[in-house]
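# Secondary and tertiary structure notes
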Protein chains: 4
Amino acid sequence: MAYKAVAKEVLLNDFQSMCRFAVYRGKPITLKKLIFEPPHNFVEQSRRPREMIITPINVDGYGLAWYNLEVHPEPAVITSEKPFWHDINVARIADKIVSPTIFVHVRAASPGLLVHQANSHPFQWKEQIFMHNGIISDFKRCMMRAIRQQIADPFYSHLLGTTDSEHIFHLYLSIRQEQPTLTMAEAMLETIARLNTLAEKHGSDLILNMALTDGKTIVVTRYTSIEKSATLYYTQSSPMFPEAIVVASEPLDYRDTSWQTFPLNTMMVINERNELSMIPIPNPFLKDGHLPSARPVTLKISTPTEN
Amino acid sequence: MAYKAVAKEVLLNDFQSMCRFAVYRGKPITLKKLIFEPPHNFVEQSRRPREMIITPINVDGYGLAWYNLEVHPEPAVITSEKPFWHDINVARIADKIVSPTIFVHVRAASPGLLVHQANSHPFQWKEQIFMHNGIISDFKRCMMRAIRQQIADPFYSHLLGTTDSEHIFHLYLSIRQEQPTLTMAEAMLETIARLNTLAEKHGSDLILNMALTDGKTIVVTRYTSIEKSATLYYTQSSPMFPEAIVVASEPLDYRDTSWQTFPLNTMMVINERNELSMIPIPNPFLKDGHLPSARPVTLKISTPTEN
Amino acid sequence: MAYKAVAKEVLLNDFQSMCRFAVYRGKPITLKKLIFEPPHNFVEQSRRPREMIITPINVDGYGLAWYNLEVHPEPAVITSEKPFWHDINVARIADKIVSPTIFVHVRAASPGLLVHQANSHPFQWKEQIFMHNGIISDFKRCMMRAIRQQIADPFYSHLLGTTDSEHIFHLYLSIRQEQPTLTMAEAMLETIARLNTLAEKHGSDLILNMALTDGKTIVVTRYTSIEKSATLYYTQSSPMFPEAIVVASEPLDYRDTSWQTFPLNTMMVINERNELSMIPIPNPFLKDGHLPSARPVTLKISTPTEN
Amino acid sequence: MAYKAVAKEVLLNDFQSMCRFAVYRGKPITLKKLIFEPPHNFVEQSRRPREMIITPINVDGYGLAWYNLEVHPEPAVITSEKPFWHDINVARIADKIVSPTIFVHVRAASPGLLVHQANSHPFQWKEQIFMHNGIISDFKRCMMRAIRQQIADPFYSHLLGTTDSEHIFHLYLSIRQEQPTLTMAEAMLETIARLNTLAEKHGSDLILNMALTDGKTIVVTRYTSIEKSATLYYTQSSPMFPEAIVVASEPLDYRDTSWQTFPLNTMMVINERNELSMIPIPNPFLKDGHLPSARPVTLKISTPTEN
């Protein structure tokens, strides 16, 4: 059966079924300056990403969010199930909107999985937005139910889609509600710790490149429980983005030597004064400096025809 | 806030936020004969339904399913988040496809609730499809989590959207898996019984006009736990549909006197030989011949901006 | 045939197949203040318009445009083929964007006609945007080809859809290119004059409620060649919109007595200093104070199945 | 400007901005057998085509058409602006529909050009459908207006989109109406002859891989006015497709040695008895066995922001 063939492909490419994202914080710029102007912009990272191994494209939805704190504490958020460059609206607003804090994401869903708006990043809760590039392997088999048991109201009823990513965000929100004294960074570390425990118990692997903000503080992670990881880069001194910090899955210009590799198993925190700090993320899967290989997974594709 | 106004409207119209559906079983006909040709067809029931009290339209998605058992035991299913008449594909295939068993549904989502394909009826699991016109009031507050606890694998991981309707279907599928000796009708009665218990416990009201088939047996219900109900009609002798049984939320032709009111709190079963039987549905909310008034509900709209 | 029935309906309702729009000019406000907050806002004018006679809804696409001249001379434009309230993006950006010049439009296409983004208003050319509520009757039979013969390059190759409205705008753009000394108001009068001539020749009727701006000057018309017209209202002193002029197909609040009827066969010009003037539009169809009845039209629906 | 960068890319890749298509004629099979089951199926030809030089993907819409002449003389047609594999409906109907005559197409639009349903192939007029893989270079500059002058009513008013392909089909339909004694093959040769003349006059290049049918006769061409061409293959003896002729832009299985190169500047005609003949297409651009190089083109992207 044709669809079985698709299922098999997903299995093989599991860890390459990833996305691309970028975070901007600094001197206010137009959205266009971040997403369209760079040589390796998000049309390129969508159509011709360079550092994804097998899945060649990111055309299963996109999202944009930006803050204008003088007008509103919450971000403006646009998400879509379309390929990024299909949407002429993005091209028609991107050079008319200026912001100091911008998130952008292009998605690569596994073939056979639902592509719809509720599965597009970034996810929002009031002032906060979250996006993810990576995977919780075998998410639907056990992890989905296990994570949901830790998701408190009102976040439980706010789950709209079926991605591992949205569930991670709602786990984070639940932790912040339970422990309101935690900083964003501390709550994110606790989120990763809980995911580690669940992944250990249920036999999942984790690749967790994540970005989170409330419009003021920004938290970005690059984390993996296995020897594979998703790429991440950042710059604080790009000539293209003066007075700004930019983090991206792939450098926005490969000739711009200011881009540095984001260290693995590390959290970056950017505060309201645009000061950057790096915090190591405890990794219980690391033994003698080595991470384990990816586990074989039994993929269940969640389409109506395939279960 | 504008969105608050929308939320309030939803509250007032809660029980009118309904849909329209039809079921056809009989001599094979084109899809068009059912959905486009009747005077009060599904363009009309979408744009100008007559028996919905306040919400005037059903434009938040549609779905079609039909069986061709000589080719495949599973139905062909088309669902969409679009208004029914926006989709020229439906018009271009409806007179080229012939089937003896057809389901059609047009959706009216509450304003502010997500309109996407995964929330469009009919829902499918292998040979079986299900559609619903009605509501579990206050679904997201408690009932969603409570129902999910009774949904077994693999159905749990197959939940793709956030409607009460899809959850009811997956509860039914779980009951059939647990008790494989039950007939479809018996499993549906058990589903309603479990929903009654949960509704009692969590303070929800139920309006359950439902249709279910595996391509052979068809089960249709008209049920309510309160004094309001959703309309339903059927005919076995329409000149427009010879040798067929048709059930619909509104008669497909108000001048066709063969349409009868579908009795309340009743289940219709149509077997493979197209024989029809009516079974009463036990209703624990009925006291001295009276059903209670609808409860006031505290609506939580599940958009990212509103929680 | 079902589709024939649809075609017939279109014929009868031809002049009611209209849209709703609004124009805002004044003290910068959020988009939300205009489109969501008023009691008779654009969710209402989309779902429950009050002054459209037969076609009950405006759910065949929408559009929004706003200017932020400090950032860019061109407007930000968002158009969609979706029903207005389906799109959660609109709700999520509307309270984060502030502008002194806002256009909004919700469309009612005739059933059977293509609903896609290229047919959604407002239409844009560089700094200019245009929207229309009304009709050129029997447009596709003769008028489309006749108008196109007067559309110059580069506007000809910029026609993306099949609406009468987009053609009117491109005729206007061609006139401005041919006669660059004309003001916007003069070019719009010339556009109407040319349409009058063509309508006379080809036997079409015209209902031309139109709004046009380059971000500085705004031109709005209410015009008809027949005894029917499309409603239009305006206010300069609404308590809800201080220091602003608002024009809308239906008052945004029926209790707000500041809304006045926009006079028929009249053009409103709002200049950069927000000064308003009214100019009569010459109407050659007016004889002895009377306009003729609508002509019978032979509708050709432009779907692939119906020609 | 970012969008300028996109425009430039389009210019360079112009002749690679192509599509993939397939035609099936033979023993009735399910749609799935053609589009999903082969190793190099249309998910693959959409995501990972092998014989397109630079543009890597075909994700800008798709279309399917099939005939069931016992039910209706016209084809069932489904077109969409979505990537092919996004649409779960296709997966859910493809194994329930059986046909002896199937067309399938996946589109690669140039970035910046409108991606909407009206631009998706196949195009339909009553019994006839048409699809195209190739280009009329610089189409919008002159050729669009010139071709339209040769398009007669009622076809002129039936033009719904802005592709060169749809215009070619409507020119063909006009020629058939003018000269009703022509066979389909003769009318297609005349269409190519007229395009040659216009291309010569206006300085365009032509790549015309086309497929046409009325459900009975099938006409397929592989033609080019320049030294570049689009690939095309066919098989009459594939073990995967017994008793059938299949034509495809890329072989559906590269290990299946029955696939042959479709000769250049040739028309294949398959009659109602499934007999195949090959007819040379006169090519006035061929001088001494050589075709000219592609001309430099000045691309005009037809988005509202870019003209």
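Residues numbered from 1 in each chain as written. Chains lettered and ligands numbered in written order. Predicted model: local features only at pLDDT ≥ 70, side-chain atom pairs only at ≥ 80, totals over all residues. Heavy atoms only, no water.

### Section: the overall build of chain A
For clarity, the cut-off: Only DSSP runs of H or I with at least four residues qualify as helices, and only runs of E with at least two residues qualify as strands; both kinds are numbered from the N terminus onward. For this analysis, residues touch if any pair of their heavy atoms sits within 4.5 Å.
Tallying secondary structure elements over chain A gives seven helices and 13 strands in all. Counted over contacts in chain A with a minimum sequence separation of 6, partners at least 24 positions apart contribute 70%.

### Description of the relation of the copies chain B and chain D
The cut-off we apply is this: In this comparison the copies share one frame, found by least squares on the C-alpha atoms of residues holding pLDDT of at least 70 in both.
Mapping chain B onto chain D calls for a rotation angle of 180 degrees and an axial translation of 0.0 Å; the resulting RMSD is 0.0 Å. Classification of the inter-copy transformation places it as that of a two-fold axis. Of every C-alpha in chain B, the one belonging to B:Ile97 sits nearest the axis of rotation, 4.3 Å from it. Here 100% of the contact residues of chain B are again contact residues in chain D; the copies associate through an equivalent surface.

### Let's talk about the packing of aromatic side chains
Put simply, the test is: Centre distance within 6.5 Å is the pairing criterion for rings of Phe, Tyr and Trp, where only the six-membered ring of Trp is used; planes under 30 degrees apart are then read as stacked, over 60 as edge-to-face, and the remainder as tilted. Exposure classes here rest on a 1.4 Å probe applied to the protein chains alone. A residue is buried below 20% of its type maximum, exposed above 50%, and partly exposed in between. Note on geometry: a ring has a charge over it if NZ (lysine) or CZ (arginine) is within 6 Å of the ring centre and within 35 degrees of the ring normal.
A complete count under the given rule lists 28 aromatic pairs over all chains for this structure. Between the aromatic rings of C:Phe36 and C:Phe84, the centroid separation amounts to 5.8 Å while the plane-to-plane angle is 25 degrees, which identifies the pairing as stacked. Highlighted residues: C:Phe36 in the loop between helix H2 (31–35) and helix H3 (42–47) and C:Phe84 in the loop between strand S3 (72–80) and helix H4 (88–93), separated in sequence by 48 residues. Note on accessibility: C:Phe36 and C:Phe84 belong to one class, buried. Pairwise contacts between aromatic rings join A:Phe36, A:Tyr62 and A:Phe84 into one cluster. Between B:Arg145 and the ring centre of A:Tyr156, over which it is positioned, the NZ or CZ distance is 3.8 Å.

### Comments concerning the interface of chain B and chain D
When the parts come together, some accessible area is lost, and that loss is often what is quoted as the size of the interface. So the rule is basically this: What gets called buried area is simply the loss in accessible area from a 1.4 Å probe that two parts show on being joined, summed for both. The definition of a polar contact used here is a pair of N or O atoms within 3.5 Å, where within protein one atom must be able to donate a hydrogen and the other to accept one, and adjacent residues in sequence count solely through side-chain atom pairs. Charged means Asp, Glu, Lys or Arg here, nonpolar means Ala, Val, Leu, Ile, Met, Phe, Trp, Tyr, Cys or Pro, and polar covers whatever is left, Gly included.
On the chain D side, the residues contacting the 22 residues of chain B number 22 residues. Here chain B packs against chain D, burying approximately 1,900 Å² in sum over the two surfaces, 52% of which is carbon and sulfur. Linking chain B with chain D are 10 residue pairs in polar contact (both at pLDDT 80 or more), by the criterion used here. Sorting the residues of the side of chain B that touches chain D by element identifies strand S2 (62–68), strand S3 (72–80) and helix H4 (88–93) of chain B as the ones contributing at least two each. For the side of chain B that touches chain D, the element with the highest residue contribution is S3(B), accounting for seven residues. The residue makeup of the side of chain B that touches chain D, split by class, is 10 nonpolar, seven polar and five charged.

### Things to note about the pairing of strand S2 (residues 62–68) of chain D
Residue and element names in this part refer to chain D. Condition: Any two strands are treated as partners once DSSP identifies two or more bridges connecting them.
Most of S2 sits out of view: six of its seven residues are buried. Relative to strand S3 (residues 72–80), S2 is paired through six bridges, and the arrangement is antiparallel. Within the sheet, the bridge partner assigned to tyrosine 62 lies in S3 and is serine 80. Counting the residues that bridge the hairpin from S2 to S3 gives three residues.

### A look at the confidence of the model for chain A
All names here are of chain A. As a reminder of what qualifies: As a per-residue measure, pLDDT reflects the predictor's confidence and takes values from 0 up to 100.
Taken as a whole, chain A shows an average pLDDT of 88; of its residues, 88% reach a score of 70 or greater. pLDDT under 50 marks residues 298–307. Its contacts with residues more than four places away, or in other chains, come to 39 contacts. As scored by the predictor, the complex reaches a pTM of 0.92 and an ipTM of 0.89.

### Looking at the sheet that holds strand S12 (residues 266–270) of chain A
Residue and element names in this part refer to chain A. This is how it is decided: All axes are obtained by fitting lines to C-alpha atoms, using only the stretch in contact for helices, and the reported angles, taken between N-to-C directions, cover 0 to 180 degrees.
Across the sheet, six strands lie side by side as S5-S6-S7-S8-S12-S13; this open sheet has antiparallel pairing. At either margin of the open sheet sits one strand with a lone partner, and together these are strand S5 (123–125) and strand S13 (276–280). Each neighbouring strand pair of the sheet contributes to a mean axis angle of 20 degrees, computed without reference to strand direction. Where S12 lies against S13, five bridges are found, and the strand directions are antiparallel. The residue of S13 that forms the bridge with methionine 267 is isoleucine 279. Along the sheet face, helix H7 (residues 184–202) touches strand S6 (128–136), strand S7 (206–213), strand S8 (218–222), S12 and S13 and points at about 160 degrees away from the line of S7.

### Details of the packing of helix H5 (residues 139–148) of chain C against helix H7 (residues 184–202) of chain C
All names here are of chain C. The test is simple: Each angle receives one of four descriptions, namely roughly parallel if under 35 degrees, roughly antiparallel if over 145, roughly perpendicular if within 65 to 115, and oblique otherwise. By the definition used in this description, the sense in which the near helix is turned from the far one sets the handedness, with an anticlockwise turn below a right angle giving left-handed and a clockwise turn giving right-handed.
It is at 10 Å that the axes of H5 and H7 come closest, and there the two elements cross at 140 degrees. Of the possible angle classes, the one that applies to H5 and H7 is oblique. The element H5 and its partner H7 pack so that their crossing is right-handed. Here Arg141, Cys142, Met143, Ala146 and Ile147 of H5 lie close against H7, whose contacting residues are Leu195, Leu198, Ala199 and His202. In terms of residue class, the contact of H5 with H7 is built from seven nonpolar, one polar and one charged.

### Details of the sheet that holds strand S2 (residues 62–68) of chain C
Strand pairing in a sheet relies on backbone hydrogen bonds, with the paired strands running either antiparallel or parallel. Residue and element names in this part refer to chain C. One open sheet accounts for seven strands, arranged S3-S2-S4-S1-S10-S9-S11; its pairing is antiparallel. Two strands bound the open sheet, and with one partner strand each, they are S3 and strand S11 (260–261). Where strand S9 (residues 233–235) lies against S11, two bridges are found, and the strand directions are antiparallel. Bridge pairing in S11 links tyrosine 233 to threonine 261.

### Examining H7(C)
All names here are of chain C. What counts here: Expected span of a helix, by definition, is 1.5 Å for each gap between consecutive residues, and there is one gap fewer than residues.
Here H7 contains 19 residues, and its C-alpha end-to-end distance of 27 Å stays within 8% of the 27 Å for a straight helix at 1.5 Å per residue. For H7, the complete set of buried residues consists of Met184, Ala185, Ala187, Met188, Thr191, Ile192, Arg194, Leu195, Asn196, Leu198 and Ala199. Positive phi shows up at glycine 203, right after H7, with a value of about 75 degrees.

### Points about the pattern of salt bridges
Operational definition: Here, a salt bridge means any Lys or Arg side-chain nitrogen found within 4 Å of an Asp or Glu carboxyl oxygen.
Under the defined criterion, the tally for this structure stands at 44 salt bridges over all chains. Residue A:Lys96 is joined to C:Glu74 by a salt bridge in which the shortest nitrogen-to-oxygen separation is 3.9 Å. One end of the pair, A:Lys96, is in the loop between helix H4 (88–93) and strand S4 (98–106); the other, C:Glu74, is in strand S3, on a second chain. Assessed through its relative accessible area of 3%, A:Lys96 is described here as buried. Looking at C:Glu74, the relative accessible area reads 13%, which means it is buried. Among the ionic pairs, D:Asp95 bridges to D:Lys32, the shortest N-O distance being 3.8 Å. With D:Asp95 in the loop between helix H4 (88–93) and strand S4 (98–106) and D:Lys32 in helix H2 (residues 31–35), the pair connects residues that are 63 residues apart, well separated along the chain.

### Side note on the side chain of A:Asp253
All names here are of chain A. Positionally, aspartate 253 belongs in the loop between strand S10 (244–248) and strand S11 (260–261). A distance of 2.9 Å separates a polar atom in the side chain of aspartate 253 from the backbone nitrogen of arginine 255. Beyond its immediate stretch of four places on either side in the chain, aspartate 253 contacts Pro39, His40 and Trp259.

### Here's the deal with the environment of B:Glu44
Residues and elements named next belong to chain B. Position of glutamate 44 among the secondary structure elements: in helix H3 (residues 42–47). The buried category is assigned to glutamate 44, whose relative accessible area is 18%. Each C-alpha atom, one on glutamate 44 and one on asparagine 58, is 9.6 Å from the other, the two residues being 14 residues apart in sequence.

### Quick notes on the environment of A:Leu252
Residue and element names in this part refer to chain A. Within the secondary structure, leucine 252 sits in the loop between S10 and S11. Of the residues examined, leucine 252 reaches a relative accessible area of 1% and is grouped as buried. Separated by 43 residues in sequence, leucine 252 and asparagine 209 place their C-alpha atoms 17 Å apart.

### Description of unusual backbone geometry
Looking along the chain, the bond that leaves A:His121 and enters A:Pro122 is cis, with omega of -5 degrees. With respect to the secondary-structure elements, A:Pro122 resides in the loop between S4 and S5. Look at B:Lys126: it is not a glycine, yet its phi comes out positive at around 50 degrees. For B:Lys126, the location among the structural elements is in the loop between strand S5 (123–125) and strand S6 (128–136).

### Topic: the side chain of D:Gln124
By the element assignment, D:Gln124 lies in strand S5 (residues 123–125). A polar contact is formed between the side chain of D:Gln124 and the backbone oxygen of D:Lys126, at a distance of 3.0 Å.

### Some details on the environment of C:Pro284
All names here are of chain C. Mapped onto the elements, proline 284 comes out in the segment after strand S13 (276–280). Classification of proline 284 by relative accessible area gives partly exposed; the value is 45%. Sequence separation between proline 284 and glutamate 200 is 84 residues; the distance between their C-alpha atoms is 9.6 Å. Among all residues touching proline 284, those that are not within four sequence positions of it are Asn196 and Tyr223.

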